[in-house]
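What the coordinates show
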Amino acid sequence: DQQVKQNSPSLSVQEGRISILNCDYTNSMFDYFLWYKKYPAEGPTFLISISSIKDKNEDGRFTVFLNKSAKHLSLHIVPSQPGDSAVYFCAASAQNTGNQFYFGTGTSLTVIP
Amino acid sequence: DTAVSQTPKYLVTQMGNDKSIKCEQNLGHDTMYWYKQDSKKFLKIMFSYNNKELIINETVPNRFSPKSPDKAHLNLHINSLELGDSAVYFCASSRLAGFGELFFGEGSRLTVL
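Below is a short write-up of the structure.

Cut-off values and rules
Residues numbered from 1 in each chain as written. Chains lettered and ligands numbered in written order. Predicted model: local features only at pLDDT ≥ 70, side-chain atom pairs only at ≥ 80, totals over all residues. Heavy atoms only, no water. Helix = DSSP H or I, 4+ residues; strand = E, 2+ residues; numbered from the N terminus. Buried < 20%, exposed > 50% of the residue type's maximum accessible area, 1.4 Å probe, protein only. Phe/Tyr/Trp six-rings, centres within 6.5 Å; stacked < 30°, edge-to-face > 60°.

Describing unusual backbone geometry
- Look at the link from A:Val78 to A:Pro79: it is a cis peptide, with omega at -10°.
- Mapped onto the secondary structure, A:Pro79 falls in the loop between strand S8 (72–77) and strand S9 (86–93).
- In this chain, B:Thr7 is followed by B:Pro8 through a cis amide linkage whose omega measures 0°.
- One non-glycine residue, A:Ala41, lies in positive phi territory at about 60°.
- As for its position among the elements, A:Ala41 is in the loop between strand S4 (32–38) and strand S5 (45–51).
- With a relative accessible area of 47%, A:Ala41 lands in the partly exposed category.
- With phi around 45°, B:Ser80 is a residue other than glycine that occupies positive phi space.
- Tracing the backbone shows B:Ser80 in the loop between strand S8 (73–78) and strand S9 (87–94).
- Assessed through its relative accessible area of 39%, B:Ser80 is described here as partly exposed.

Here it is in structure tokens:
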């Protein structure tokens, strides 16, 4: 059972525009969410996180929004740069899931120069 | 200086063989994980160790046996390899179980022929 879902396998955006990556989850007990970025032949690297007590967290060009009632989070990248082209994974965890991280299947972002 | 390192990066072997993948982290983290990324790009938790103690053991065949000689190392041994074991295996660590950043290794691509 996949508790974290990223329904868009790929996304293409023009350089300078906004990239919006979406993630949905099913377990209402998830209270901590993360986004990871992965380049080919490398391990995922941490990008940004958000706790369920917040609905927004911003770090430079990256902002994560959390809508708990909809069980939805999104990652906004503004402005998008060619170097942002990568696969983005969202992940979630909760104390009642044994403190393990559940990952989505990833969205491949291509930023077109 | 690599934070989480795993070896080998590539492994090609025949069905029925036994192989090991090693992982070391120099971050002083208490928790280490093994994730499997299959052909559908789904990152799925396999095992988690906290201070050398097994805390998560997902539904993984008994042919997979993790070994944690100390909290900086978590090795994965696989017996009687099957075609379906072909995947990329990622080692990761975090300071706390299920919270904070996960730091990933570069991945070990296992191909079973």
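Right, picking up where we left off after that structure.
Considering the packing of aromatic side chains
- For the structure shown, the criterion picks out 13 aromatic pairs over all chains.
- When the ring of A:Tyr36 is compared with that of B:Phe104, the centres are 5.6 Å apart and the planes differ by 85°; the resulting orientation is edge-to-face. Note that A:Tyr36 is positioned in strand S4 and B:Phe104 in strand S10 (residues 103–104), a pairing that runs across two chains.
- Relative accessible area serves as the criterion here: at 0%, A:Tyr36 is assigned to the buried category.
- Its relative accessible area of 10% is what places B:Phe104 among the buried residues.
- Relative to B:Tyr35, the ring of B:Tyr33 has its centre 6.1 Å away and its plane inclined at 40°; by these criteria the two rings are tilted. Residues B:Tyr33 and B:Tyr35 agree in their burial class; the two are buried.
- Feature note: the residues A:Tyr36, A:Phe46, A:Phe101, A:Phe103, B:Tyr33, B:Tyr35, B:Phe90 and B:Phe104 constitute an aromatic cluster, connected by ring pairs.

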